[in-house]
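Below are the chains, spelled out letter by letter.
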Amino acid sequence: MQANGAGGGQQQPPPPQGPAVPELGCLGAQNGEASSGSAAGEQLAHANGLLPSASAANSSGGGSSPGGLSVNNGVPAAGGPGSAAAELGGGGGSALKKKKRLSQSDEDVIRLIGQHLHGLGLNQTVDLLMQESGCRLEHPSATKFRNHVMEGEWDKAENDLNELKPLVHSPHAIVFPAGGGGGEREQERMKFLLLQQKYLEYLEDGKVLEALQVLRCELTPLKYNTERIHVLSGYLMCSHAEDLRAKAEWEGKGTASRSKLLDKLQTYLPPSVMLPPRRLQNLLRQAVELQRDRCLYHNTKLDNSLDSVSLLIDHVCSRKQFPCYTQQILTEHCNEVWFCKFSNDGTKLATGSKDTTVIIWQVDPDTHQLKLLKTLEGHAYGVSYIAWSPDDNYLVACGPDDCSELWLWNVQTGELRTKMSQSHEDSLTSVAWNPDGKRFVTGGQRGQFYQCDLDGNLLDSWEGVRVQCLWCLSDGKTVLASDTHQRIRGYNFEDLTDRNIVQEDHPIMSFTISKNGRLALLNVATQGVHLWDLQDRVLVRKYQGVTQGFYTIHSCFGGHNEDFIASGSEDHKVYIWHKRSELPIAELTGHTRTVNCVSWNPQIPSMMASASDDGTVRIWGPAPFIDNQDIEGKTTSMYIGKLM
């Protein structure tokens, strides 16, 4: 047989003679290799552990090809005067004996390819691959077991389990016993899964008595998973097949459910006996996911299926897709801009300034350009902090340290709903919304913080806490507050308890929490940006590059899956890090004074805003001209840009 296919009837020159090489370890009867001389289709089936396809059987029985051979890609399959063995060996014996012994990894690759081809229905190709390589796809006992399961021959499948029993004891099985018992326990689990399928199929066919017999005399005596047996017995009350499939969450009798069953059963066998299902596809998918995880600029949501990517090239995202380029400069504020924040739906941006105004900007969904929507005036002390309500209908604005007032605006109408002040001695510099959207907490560094409703009515208060920054967790009960003791504590208004969560060695100027509530991002005076795990209460990472003194700078999570972190800096730059990397992946220039705040659009991963003491807000996005190949991970040179 030719490795790449022989021409029709053309004789090939004999292979060069050399020193004899030992036979492949995977050759011979013990590995399922067929000897020449008997029916080709049957021998191939034994060699590969798979039943021959119908076309193979027909052709071996005497088709139009010479000697009744099945030909695939121009290569004779087996047997007869034109056999592959004769062509390869030049008549003196199998050429495989003269080939280098396959390594274990080579055998594994061949088996993986064979499994994938078999899944595509290319059974004759699998036969040829296994015959020429001398390998087998799976153990013969596993092949019988597979066929009996797929054909619904449950008694035979149970008998096959006895043949497989010694193999279940192998330490190389994928699933290991959780509570002891070794292979005996695994054998019970496999038998239970088989009988469960048998029971459900009887029920679907209306054979209630046979199903009851399986339940009483076969499943129950196993004394395995009694709770599941009670559930199965309840299915006897199902009035029709559709009701059964719905309650059992089962695909019904047929190929789909039996394939799913076989996937579960395979996990109890070592891969040397039967490969895990779709092993090659899973390995390739893992490789693609790993490349995406390691890609510093990957910022798009992609389909996890292999069909959405090319396996012929490595995954590399271009920097030009990343929000490193100034798309727009907003200059409507006439003084320092202290804060910026995108709405939760990503359609608006709110900016607060020392000029006493809040400006709401509309994001064009197509061009991603921003235009002025509303200007909210009257904040006598300036606006240093802004919080959107969960539904984006309201906006709360706070001032700097000496501000005792808080403004609650209706975003849709632009009307002031509440102007709140508990005391002229208060300092209301931070605010956070409760997840229910009906309450918020606010406070400052004068020694207390409050919980209020939308009309500014005081619901609760917590005394003796000098608050720098606030955040409400998703449980609706816990408020996180950073204070002047260089820590973040959790306060529960329901049971009036508090606990320490984060302790730093320097003042915490601001912090923000990830969407899942697990991570906290802190701007620490003279230290920079720190990432904390709130669940484990440990410092995860210190990010390098940013210049952070005693100015209040607000950083943010952002990008697809919040994989990135961005922060302003006193050196007039915006820094971006991948969450897992301490070194910045981008330093954005353009501002001429301290960058006070950055906000990443939660719905548009390629859009970010930064607010600066230079009186401007910059909108950052991808390079102006991006070739389609860039999006697919290739690097092109159509656009040469610089950071503005």
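The protein is annotated in an unreviewed UniProt entry as WD repeat-containing protein 26 from Gopherus agassizii.

Most of strand 5 (residues 348–353) is tucked away, with 6 of its 6 residues classed as buried. Alternating residues of strand 5 divide into Lys348, Ala350 and Gly352 and Leu349, Thr351 and Ser353, and every residue in both groups is buried. Relative to strand 5, strand 4 (residues 337–342) runs antiparallel, the two sharing 5 bridges. The residue bridging Cys340 from the neighbouring strand is Thr351, located in strand 5. Taking the residues between adjacent antiparallel strands as the criterion, strand 4 and strand 5 are bridged by 5 residues, where Gly346 takes a positive phi near 75 degrees. Here strand 5 runs beside strand 6 (residues 358–363); their pairing, made up of 5 bridges, is antiparallel.

This part covers the sheet that holds strand 23 (residues 538–543). Pairing is antiparallel in the open sheet, where 4 strands are placed in the order 20-21-22-23. The outermost strands of the open sheet, each flanked by one partner alone, are strand 20 (508–513) and strand 23. On average, adjacent strands in this sheet sit at an angle of 25 degrees to one another, irrespective of strand direction.

It is worth spelling out the sheet that holds strand 15 (residues 458–463) at this point. In space, the 4 strands of this open sheet follow the order 12-13-14-15, with antiparallel pairing throughout. With partners counted over all chains shown, the strands left at the sheet margins are strand 12 (430–433) and strand 15, one partner each. Neighbour-to-neighbour, the strand axes of the sheet open up by a mean angle of 20 degrees, direction not taken into account. Pairing of strand 14 (residues 448–453) with strand 15, which is carried by 5 bridges, proceeds in the antiparallel orientation. Bridging from a neighbouring strand, Tyr450 pairs with Ser461 of strand 15.

Tallying each qualifying case throughout the model produces 14 aromatic pairs. Taken together, a centroid distance of 5.0 Å and an interplanar angle of 70 degrees make the contact between Trp462 and Tyr491 edge-to-face. On the criterion of sequence distance, the pair formed by Trp462 in strand 15 and Tyr491 in strand 18 (residues 487–492) is long-range, its members being 29 residues apart. A relative accessible area of 2% places Tyr491 in the buried class. Here the aromatic cluster, defined as three or more aromatic residues joined through ring pairs, consists of Tyr297, Phe322, Phe564 and Trp600.

Moving on, we get to the packing of helix 4 (residues 104–119) against helix 13 (residues 279–294). In a pair of packed helices, the angle between the axes and the distance between the axes together describe the arrangement. Running from amino to carboxyl end, helix 4 crosses helix 13 at an angle of 110 degrees, the nearest separation of the two axes being 8 Å. Relative to helix 13, the element helix 4 lies roughly perpendicular. Between helix 4 and helix 13, the residues in contact are Leu112, Gln115 and His116 and Arg279, Leu280, Gln281 and Leu283, respectively. Classifying every residue of the contact of helix 4 with helix 13 by side-chain character gives 3 nonpolar, 3 polar and 1 charged.

Here we take up the nonpolar core. In this structure, Leu349 and Leu395 are the most contacted members of the largest nonpolar core, which totals 45 residues. Those residues in contact with Leu395 that lie beyond four places of it in its chain are Ala350, Val358, Ile360, Leu376, Ile386, Ala387, Trp388, Trp407, Leu408, Trp409 and Val411.

The rules behind each value
- Residues numbered from 1 in each chain as written.
- Predicted model: local features only at pLDDT ≥ 70, side-chain atom pairs only at ≥ 80, totals over all residues.
- Heavy atoms only, no water.
- Buried < 20%, exposed > 50% of the residue type's maximum accessible area, 1.4 Å probe, protein only.
- Helix = DSSP H or I, 4+ residues; strand = E, 2+ residues; numbered from the N terminus.
- Pairing = 2+ DSSP bridges.
- Axes fitted to C-alpha atoms, helices over the stretch in contact; angles between N-to-C directions.
- Phe/Tyr/Trp six-rings, centres within 6.5 Å; stacked < 30°, edge-to-face > 60°.
- Parallel < 35°, antiparallel > 145°, perpendicular 65-115°, else oblique.
- Contact = heavy atoms within 4.5 Å.
- Nonpolar A, V, L, I, M, F, W, Y, C, P; charged D, E, K, R; others polar.
- Core = buried A, V, L, I, M, F, W, Y, C linked by side-chain atoms within 4.5 Å.

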